[in-house]
Amino acid sequence: MEADTVTDSRNLKVSDLLKDVRFDYDSLSQLVDASVSSIKEVIDGIPEDFKVTSELAPSFVNDIGADKVDFSFKKPNGFSLCGSYSIRCMAKPDASVDLLVHMPKECFYEKDYMNHRYHAKRCLYLCVIKKHLLSSSSIEKVVWSTLQNEARKPVLVVFPAKKLDQFPGFSIRIIPSATSLFNVAKLSMSRNNVRSVTADGVPEPTPTYNSSILEDMFLEENSEFLKKTFSEWQELGDALILLKIWAKQRSSIYVHDCLNGFLITVILAYLATHAKINKALKALDIFRVTLDFIATSKLWERGLYLPTQSEIRVSKEEKMQFRELFPVVICDSSTFVNLTFRMTSVGFQELQDEASLILKCMEKLRDGGFEEIFMTKIDFPVKYDHCIRLQLKGKTALSMSGFCLDKECWRIYEQKVHSLLLEGLGDRAKSIRVVWNNMDQDWHVENGLSVLDREPLFIGISVSSTEKAFRTVDIGPDAENKIEALRFRKFWGEKSDLRRFKDGRIAESTVWETQQWARHLIMKHIVEYILKRHLSLSSDDIVQLVEQLDFSLIYGDKDPISLSGNLLQVFEIFSKCLREIEDIPLKVSSVQPLDSAFRSTSVFPPEPHPVACEKIDSRRLQKLLPSCIPAMEVMIQLEGSGNWPMDDLAIEKTKSAFLLKIAESLQNVKGIPCTATEDNVDVFIGGYAFRLRILHERGLSLVKREIGADPVKQVSSTDKMLFIRSQHASMINGLQGRFPTYAPVTRLAKRWVAAHLFSGCLAEEAIELLVAHIFLTPLPLGVPCSRINGFLRFLRLLADYDWMFFPLIVDINNDFGRNDEKEINDNFMSSRKGYEEDRQNISSAMFLAAPYDKASEAWTTTRPNLSEQKRLGAYARSSANVLSKLILEEHNDSVQWECLFRTPLHNYDAVILLHRDKLPYPRRLLFPSELNQGKHVARGKASRLFNPFLLPGDLKRSHEELKNKLMVDFEPTKCLLSGLQEEFGTLKPWYDHIGGDAIGLTWNKHNSKKRERDEEEESNPMELLKAVGEMGKGMVRDIYMLKPPRFV
Amino acid sequence: MKETRKLQKRNLNGVRGETKVEVTDVKRVGKKIQRKKKEKVSNVDLSEQPQASQLQAISSEKPKTKKKKIQKSKEINSSPADGKLSGKMKKRKEKGGDVDTITEPNLEAISTEKVEEKKSKMNKTKKKRKAKEITRASVEDDNQKREGKSKKSNKKKKMDMTSMKENQIEEEEDVYEISSGDEDCTKGMKKWVTDYYESRPGIDELQKRIDDFMTAHDERLEKEKQEKEAKAAEGGWTVVVHHKGRKKSTEAESGTAVGSFSQASLEDKIAKKKQSEPVAHGFYRFQRREAQRNEILALQSKFEQDKKRIQQLRAARRFKPF
C-alpha cells in the first residue's frame, strides 16, 4: 500500500516533468523544416568543381599533420536529420537539431583515411559550407563546435534567422557523414593509419584514430537503427528523456570521456532489442532497469553487441580485440565500430558509481528520490572533496609530438595527470577524475589547435576517508626490493626517505609533516609536489581549492581549534573536582559539557587566559591580554532528594544556593577562584571560565514522561531547555567523532551565518543540525570529506531545501522508526495548518526534527520566521553560486573568497557601526565595516571605561585585583542589543554575535492599532535613531539611515 | 578585475533581488509610486552624466572632518583587502556606461531621494535642483572611497564651490554628536560596566540575598496556608491535616513494603500490557477493518497532499531541472 502511493506521487511528478521538458514537435517541425530547407538551398547553390585547398584553414590542416588535402568541391550526396530530433526525444533546454550532410565520394581519394587527410578534408568541406551559409540572409550566425570534444572533428552550429520564442537558442548542427567512403578493412582496429605513431620505429595500431573515421562512416546507418527502435514506443522515448535529464545534471558523467545523449540512446536501444525491457514497462521502470543494467550488469565485461542486420557475426577474435583495446565496448550493428571508443575506464567507473547511487536513492529516499535524481545539480564543486585547476595555457611541452596522433594530445595529458595523481595519492583518494573541457566557445578552425589549451584542466578528487587523507607518513616498498624502491625514489625524488619503522621494517617512505590543525592541507602538499616534479608546472599554474576559506577561522596564523585538547583536559580535572566536593547537602552526581567549544564546533574556542587560573604565573602576564573571557556552560546534576520546593522560582533560587555553596567549597577547599551573580556562578580553572548550571531531575523525569504521553503538567522551561541542550551536546559530540570534517564545516557555516548578520535568526544549534543533516543523509552524493565541499553543501541545503513543504529530519543516531517519522510528519502538518489561509501564518518556518525534539520546539519555533528564512535562502544561494564559480573558473584571488563572508550593508534600513576598539574580542572581527551612503544620523565618541585588553597598569596590580578586572562573558554588543529589543520595538536588529562591528536595522511592520500608539516615534525616525545612539553611548561610532520607515 | 566586478555584482544583485521581494510584500500600495520614482531617477542619472563627472571632481574637496574620520578608521584597522576592494569598486563605478552599473547606484539614489524629499517638503525647491542633489549624493559616496585621489579639473572645482559649501554645512549640522557617556551611568557603556560589577557583589552577599528570599518565600507560603485554613475553619469545617512528606512505605523494623508498589513494577506492568496488545490486534474483524480504514484514510490524505504540492510546484515552475 505504502509503496503504491510513493510510486503514484512519483509518477505524477515524472509525468509533469516530462511535460515540461518535452518539445512541442508540431511547431518545432515547421521551424526545423523551414530552416533545413533554407540550409539545403544554400548548400545546393554552391558552385561545383572549384578547387578547395588548405588555404581555408591552414593552421588546422597543419596542426593535425595532414598533407595532400586539395580536392574539387562537389555537392553533398544528400541530407538527413538524425539524433534526438529524429526520434522525438529532445529534452529542454537543449534545442539543437542534428543534420547529417553526406559528403560525396568524389571529393576523396581511396587512401585518404591515412594521416588525418580525411579529417582535414572534412574540415575544409565544412569551411566551404560555412562561407556560403554566412552569405545567406536566412542564417543569423554560424559557429564552430566539435563532435564530443574531439577537436579534429569540428561541426557547424547554424543559428537560423527565423526564430520562435518557444524555442530559445534553437540551432542546427551540421555533421558531415562519410558513408562508404573508404574500405572498412583498411580501418580495422589493428592497423596503423597514422605513420608518425610508432614505438621504436615500429608502427603501432591506431584504434582511436580508426574509430574516429569509422564513426563518421556509419553515422547514417546507426541513426536509422535508432529511429527504427524508438518509433512507436512512447515509453522508451520518455525513459530516454529521463535518462538525459539525470545525466545532464551530473557534470562528472556527461562529458566527452563518458556519457552523451547518443550513447544513452544506444544503450537503451540495446536493452530494447535484447528484450531486457518490454513494452509493458513504464518510463520510470525503464529508467530504473537501465540504471541497474549500467551499474551491475556483467555484460559490460564481455562488451555489448547491437543486433546486426545481415548475417555477419562478430568473431571471437574481433571481440577479444575490442576488449583489449577499449575499456568499454558497444559494437554497432555494422560490427566495425566501437561506439564507446572515447569512454575511459575512469569515466565508466564513475558512471557505474553514479548509477548505483541513484538506485540507492530510489530505494531509500522520500518520493523515490525524485528531487535528488532529476532536480539536483551535481556539478564538480559539490561532487568532489578536493578540486584542482591546472592552467596549462602555452605549456609547449604538451604539443611536442603533435596535437593529434592516435589520440588527441589533451586526452593523453588527461591520462598522464590521472596516473600521476593515482600513484601519488594512493589510497587517500577514492576516485580521481581528470577532465579537460578544452573546447573554447568562440573557437574557429582557422585558429588551429594550439589555442585549445586556454580553459583550465579540472581535477576532482573524492577522498576515501579523512583518516587516510590526514596520514602523515606513506610507507613505500621495502629497501630490499631494489626495483620497486628505485621506482619509488624516482617518482618521489628528494621527498623519499629510507626509514626504519617501529615494527623493525626498513622501507622507503614519504613524510608530510604538518601541524595538527593543518592536516587537511597534506593532500594539497602532495599534489603540488607531484605535479611540480613531473609536469614542470609552477605554483601559479596549480590552483587547489582547499584552504581558501580558512582565513575566517584563524587567529593570526593559527587555528584556535588546536587548543581544544587542552580544554578537554581541564574539563576532566574540573569535573573530578566537582564530584569530589563533600561539604554540600547533595553531592554532584554528573557533570556534562554544554558549550559548543567542548564538541569542537565553536568558531572560536576560547584560549586559556593566564589570569583565569588557580595561581597566576606572573611571567605569563607579559603580552597583550584580553580583558574579557567567554564563559562555557557546564551542566551538573545533583543526587536525588525529596526536599526540593515546588514552584519554579523557588527551585531556581535553590539551585543558585547550591551553586553558591559549590563555589564556596571550591574556593575554600581547592583554592579555585569563582565569581557569581544572582543567576550565574563562574569558575576559573586552568585558564578557562566555566559557568555552572543545575539540571533538576524532577523536571527531567517530567520531560521524559511528556515524550510518551500528552503533557499533564507544565515542565519548568529552564530544566526542559537544559535537558534538550545536554542531549544535543552529547549527540553532536558523538557525530563530530564519527565525521572528522563535521566540526570544521560547522564552524564555517556558523561563521557565514554570523558574518551576514543572521545571528538573531538562526541558533548555533540549528546550524549544527543542518550540517549534521549533510553528513547523515548525503544522498545523492557521498559523505563530504573536505570543508569547502561541506560548506558548499550547507549553503545549497539552506538555499534549495523546500522548507515550506518538508520537515528536515536529522536522524543522528539512526534510530527513527516508522512511528517516529509519522509523529514528526504530524507535528509538521500542524505547524503548517495556517498555511492555507495565510502564507505567513506558520510556525517553525524551518522545521528541524531531531531525536530529542520531534516537534521542532528547541531551536527554530519562532526564528527564523518566514521572511527571515527567505532572506537566509537568498543569501545562501548567492554565496553558493559565488563559491561554485570560484571553484570552477575564477582566478584564485583572496579578495573574491572574502566576498563570501562580506555582507553588503546597504540591504538594511539603517546601520549602526560600533567602535572597533571596544569590541570584547577584536581579533574575531572579519572585516572592518564602513558605510558611505545613506544619511549620517549620529556620530559617537568611544568610551574610555572599557578596553578589550588589560592595560599595563592593571598587570602590575595584585593578583586578586587582576582577577576582578577580568570580565566574564561581558559583551557590550549583547547589552546594546538587549536594550534595543526592550526599548525599540519598531526596530529589528540584524547582528553578528561572533564579533562584528556593524548592526543592521530594519523597520518592523506594524498593524494599524499599534501604529497610533507609536505615532510619535515613527513620525521622526531620525529622533528614534538618535535615541538608539544615546542608549549605546561609548560603543556606537556612527549611525546611518538608508531608508526611512515604510508606512503601510 | 573584470571578473571581480562581475562577481560582486552578482553577489549583490542576488541579495538585492531578494530584498526587493520583501519590499513588494510590505508595500503594495507604494509600489507604483516607487517605480515611477525609480524611472525618474534613472532618467536623471543618464542625462546628467557629464555633470556628474564634474561633481565628482568637485566633491573631492570633501568636508575635512569626514576625511579625518576615514583616515582614523584606516589607522585603526587598515586591512589591505578592504583597500583593494574599494579600489575595485571605484573602477567599476568609473565605467558608467554599463547598464548594470547604472541600475546599482540608482537604488542608492532612491534612498537618498527619500530623505531629500522630506526636506523638500519644508522648503520647496525646484525639481531640477533636487535631481542634481541626488546625483551628487551618489557621487559623493564614490568619492569617499576615492579619498581625494583625483586632483583633476581644478577649474570646474571653483565653479560650484559655493553650492558645495552650503551642502557641507548642512551635513555638519545634521550629524548628531553622541558623547562618550563616561560620566553618565544611566546609559551606554558606563551603565553596562557598572551593571557588570554591581551584579557581582561577592558570594556571601548573594548567599544572604537567597537566604532572605527563601525565608520570605517560606513565610509567604506559611501565611497563605494559615489563611486558607482559617477560612476553612470559619465555615465550620474541620481541617484534615495532610501529612507532609512521603507515605511510610516500609516498616521500620522488618523493612517490608506496606501498601505500595514500586515504580519499576508499575512500569513493568504497563510494558507487559503493551506487549500483549499486538497479539490481540487484528484478532477481531472490526479491528482489522478499522486498521484498514485508517490506513486507507492516511494514504488518501497523503495522496491529496502530494497532489497539492505538485500544483504548488507547478505554479512555482520547480519542474525545470535546468
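Here, the structure is the one placed above.
Here we summarise the structure given alongside this text. (Residues numbered from 1 in each chain as written. Chains lettered and ligands numbered in written order. Predicted model: local features only at pLDDT ≥ 70, side-chain atom pairs only at ≥ 80, totals over all residues. Heavy atoms only, no water.)

Some words on the overall build of chain B
Test applied: Labels follow the DSSP assignment, with helices taken as runs of H or I lasting at least four residues and strands as runs of E lasting at least two, numbered in each case from the N terminus. Buried means the residue's accessible area, taken with a 1.4 Å probe over protein chains only, is under 20% of the maximum for its type, while exposed means over 50%, and partly exposed covers the values in between. Contacts are assigned to residue pairs with any non-hydrogen atoms lying within 4.5 Å of each other.
Within chain B, the regular secondary structure consists of 13 helices and one strand. Of the regular secondary structure in chain B, the N- to C-terminal order runs α-α-α-α-α-α-α-α-α-β-α-α-α-α. Across the 322 residues of chain B, 30% fall into the buried class. Long-range contacts, defined here as pairs at least 24 residues apart, represent 73% of the contacts in chain B between residues at least 6 apart.

Notes on the side chain of Asp1038 of chain A
Along the polypeptide, Asp1038 of chain A turns up in strand 32 (residues 1036-1041). Asp1038 of chain A sits in the buried class, given a relative accessible area of 1%.

Structural notes on a negative patch on the surface
Which entries qualify depends on this criterion: A residue counts toward a patch only above 30% relative accessible area and without a salt bridge, and it is joined to like-charged neighbours within 9 Å or, for Val, Leu, Ile, Met, Phe, Trp and Tyr, to nonpolar neighbours within 5 Å. For every accessible area listed, the method is Shrake-Rupley and the probe measures 1.4 Å; residues are considered covered only by the protein chains on display. We count a salt bridge whenever a side-chain nitrogen from Lys or Arg sits within 4 Å of a carboxyl oxygen from Asp or Glu. When charges are counted, Lys and Arg are positive and Asp and Glu negative, with His and the chain ends excluded. Charged groups are reduced to one reference atom each: NZ for lysine, CZ for arginine, CG for aspartic acid, CD for glutamic acid.
Together, Asp218, Glu219, Glu222 and Glu229 of chain B make up a negatively charged patch on the protein surface. Its place among the elements puts Glu222 of chain B in helix 11 (residues 203-234).

What about the pattern of salt bridges?
Residues and elements named next belong to chain A. Counted by the stated rule, this structure contains 63 salt bridges over all chains. The partner of Glu140 in a salt bridge is Lys163, with the nearest N and O atoms 2.4 Å apart. Here Lys163 lies in the loop between strand 6 (150-160) and strand 7 (171-177) and Glu140 lies in strand 5 (residues 139-147), a separation of 23 residues in the sequence. The class for Glu140 is partly exposed, based on a relative accessible area of 43%. Between Glu868 and Lys988 there is a salt bridge whose closest N-O contact spans 2.5 Å. On the criterion of sequence distance, the pair formed by Glu868 in helix 28 (residues 866-888) and Lys988 in strand 30 (residues 987-990) is long-range, its members being 120 residues apart. By relative accessible area, Glu868 is classed as buried at 4%. One salt-bridge network, held together by shared partners, links Arg122, Glu150, Arg152, Lys153, Glu215, Asp216 and Arg342.

What to know about the packing of helix 25 (residues 764-776) of chain A against helix 26 (residues 787-800) of chain A
All names here are of chain A. We apply this condition: Orientation is described by axes fitted as lines to C-alpha atoms, over the contacting stretch for helices, and by angles from 0 to 180 degrees between their N-to-C directions. Note on angle classes: values under 35 degrees are labelled roughly parallel, values over 145 roughly antiparallel, values of 65 to 115 roughly perpendicular, and the remainder oblique. Polar here means any residue outside two lists: the nonpolar Ala, Val, Leu, Ile, Met, Phe, Trp, Tyr, Cys and Pro, and the charged Asp, Glu, Lys and Arg; Gly therefore counts as polar.
Two elements in contact, helix 25 and helix 26, have axes whose closest approach is 10 Å; the angle formed by their N-to-C orientations is 110°. Accordingly, the angle class assigned to the pair helix 25 and helix 26 is roughly perpendicular. Contacts between helix 25 and helix 26 pair Ile767, Leu770, Val771, His773 and Ile774 from the former with Gly790, Arg793, Phe794, Leu797 and Leu798 from the latter. Among the residues making up the contact of helix 25 with helix 26, the classes are represented as seven nonpolar, two polar and one charged.

Topic: the packing of aromatic side chains
Residues and elements named next belong to chain A. Our working definition: Here is the rule: rings of Phe, Tyr and Trp (six-membered ring for Trp) pair when centre to centre is within 6.5 Å. Planes less than 30 degrees apart are stacked, more than 60 are edge-to-face, and the remainder are tilted. Put simply, a charge is over a ring when the Lys NZ or the Arg CZ is close to the ring centre, within 6 Å, and near the line of the ring normal, within 35 degrees.
As enumerated under the stated definition, the model contains 47 aromatic pairs over all chains in all. Judged by centre distance (5.2 Å) and plane angle (45°), the ring pair of Phe287 and Phe374 falls under tilted. Here Phe287 is found in helix 10 (residues 283-296), whereas its partner Phe374 is found in helix 14 (residues 370-375), with 87 residues between them in sequence. Seen from their ring centres, Tyr688 and Phe690 are 6.4 Å apart, and the 45° between their planes marks the pair as tilted. Considered together, Tyr688 and Phe690 belong to a single accessibility category, that of buried residues. Put simply, the rings of Phe488, Phe491, Trp492, Trp512 and Tyr529 touch in pairs and so form one group of aromatic residues. Across the ring face of Trp233, the terminal group of Lys279 is positioned such that the distance to the ring centre comes to 4.7 Å. One cation-aromatic arrangement involves Arg902 over Phe927; the distance from NZ or CZ to the ring centre is 4.2 Å.

Concerning the nonpolar core
Basically, it comes down to this: For our purposes a nonpolar core is just a set of buried Ala, Val, Leu, Ile, Met, Phe, Trp, Tyr and Cys residues, chained together by side-chain atoms within 4.5 Å.
Formed by 262 residues in total, the largest nonpolar core has its most connected members in Trp246, Phe287, Phe374, Trp752 and Phe794 of chain A. Broken down by element, this core gets its largest block of residues, ten residues, from helix 5 (residues 117-134) of chain A. Setting aside chain neighbours within four positions, we find Trp246 of chain A in contact with Ile253, Leu259, Phe287, Leu291, Leu351, Glu354, Ala355, Ile358, Ile373 and Phe374 of chain A. Counting residues in each nonpolar core, the second largest holds 49 residues, with Ala910, Leu914 and Met967 of chain A together with Tyr196 of chain B among its members.

Concerning a nonpolar patch on the surface
A cluster of nonpolar residues, Phe283, Tyr284 and Phe286 of chain B, forms a patch on the protein surface that exposes about 370 Å² of accessible area. Phe286 of chain B gets classed as partly exposed once you look at its relative accessible area, which sits at 48%.

Regarding the side chain of Thr146 of chain A
Residue and element names in this part refer to chain A. The criterion, for reference: Pairs of N or O atoms within 3.5 Å make up the polar contacts considered here, provided that, within protein, one atom can donate a hydrogen while the other can accept it, and that residues adjacent in sequence are counted only when both atoms are side-chain atoms.
By the secondary structure assignment, Thr146 is in strand 5. With relative accessibility at 6%, the residue Thr146 sits in the buried group. Reaching out from Thr146, the side chain makes a polar contact with the backbone nitrogen of Asn149 at a distance of 3.4 Å. In this view, Thr146 contacts Ala151, Lys153, Pro154, Val155, Arg173, Met439 and Trp443; residues no more than four positions away in its chain are not counted.

Here we look at the sheet that holds strand 23 (residues 681-685) of chain A
Whether parallel or antiparallel, the strands of a sheet pair through hydrogen bonds between backbone atoms. Residues and elements named next belong to chain A. We count it as follows: Pairing between strands is defined by DSSP: at least two bridges between the two strands are required.
Across the sheet, which stays open at both edges, the five strands sit in the order 19-21-24-23-22 with mixed pairing between neighbours. The open sheet has two edge strands with one neighbour each: strand 19 (588-593) and strand 22 (674-676). Looking at each pair of strands side by side, their axes are set apart by 30° on average, direction ignored. Both strand 22 and strand 23 contribute to a ladder of three bridges, which runs antiparallel. Bridging across to strand 23, Cys674 finds its partner in Val683. Along the sheet, helix 21 (residues 648-670) contacts strand 19, strand 21 (631-638), strand 22, strand 23 and strand 24 (688-695); its crossing angle with strand 24, the most-contacted strand, is approximately 140°. Strands in contact with helix 23 (residues 717-738) are strand 19, strand 21 and strand 24; relative to strand 24, the strand with the most contacts, it is inclined by about 125°.

Observations concerning a positive patch on the surface
A cluster of basic residues, Arg285, Arg288, Arg289 and Arg293 of chain B, forms a positive patch on the protein surface. Assignment of secondary structure puts Arg293 of chain B in helix 13 (residues 285-316).

Remarks on unusual backbone geometry
Residue and element names in this part refer to chain A. For the bond from Leu779 to Pro780, the omega torsion is 5°, close enough to zero to count as cis. Structurally, the position occupied by Pro780 is in the loop between helix 25 and helix 26. Cis geometry is adopted by the peptide bond preceding Pro864, which originates at Arg863 and carries an omega value of 0°. Looking at the element boundaries, Pro864 is found in the loop between strand 26 (848-849) and helix 28. In this structure, Ser600 is a non-glycine residue whose phi angle is positive, near 60°. Secondary-structure assignment places Ser600 in the loop between strand 19 and strand 20 (628-629).

With respect to the state of the cysteines
The cut-off we apply is this: Whenever a pair of cysteine sulfur atoms sits within 2.5 Å, that pair is classed as a disulfide.
Enumeration according to the criterion identifies zero disulfides over all chains in this entry. In this structure Cys404 of chain A is not part of a disulfide, and its nearest cysteine sulfur, from Cys409 of chain A, lies 6.6 Å away.

As for the sheet that holds strand 7 of chain A
Residues and elements named next belong to chain A. Spatially, 3-4-7-6-5 is the arrangement adopted by the five strands of the open sheet, whose pairing is mixed. The strands lining the two open edges of the sheet, one partner per strand, are strand 3 (78-82) and strand 5. Strand-to-strand twist of the sheet, defined as the mean angle between neighbouring strand axes without regard to direction, takes the value 30°. For strand 6 and strand 7, the ladder comprises three bridges, and the chain directions are antiparallel. Note that in strand 7 the partner of Val158 across the bridge is Ile172. Of the strands in this sheet, strand 3, strand 4 (96-102), strand 5, strand 6 and strand 7 are in contact with helix 2 (residues 25-44), which crosses strand 3 at around 155°. Strand contacts of helix 6 (residues 207-217): strand 5, strand 6 and strand 7, with the helix running at about 30° to strand 6, the strand carrying the most contacts.

A short note on helix 8 (residues 234-248) of chain A
Going by this rule: By this rule, a helix spans an expected 1.5 Å times one less than how many residues it contains.
The end-to-end C-alpha distance of helix 8 of chain A is 21 Å, a good match for the 21 Å that 15 residues give at a rise of 1.5 Å each. The buried fraction of helix 8 of chain A is high, at 13 of 15 residues.

Notes on the pairing of strand 18 (residues 542-545) of chain A
Residues and elements named next belong to chain A. Every second residue of strand 18 is oriented toward a common face, with Ile542 and Gln544 on one face and Val543 and Leu545 on the other, all of them buried. Where strand 12 (residues 386-390) meets strand 18, four bridges bridge the pair, whose relative direction is antiparallel. Considered in strand 18, the bridge of Arg389 is made with Val543.

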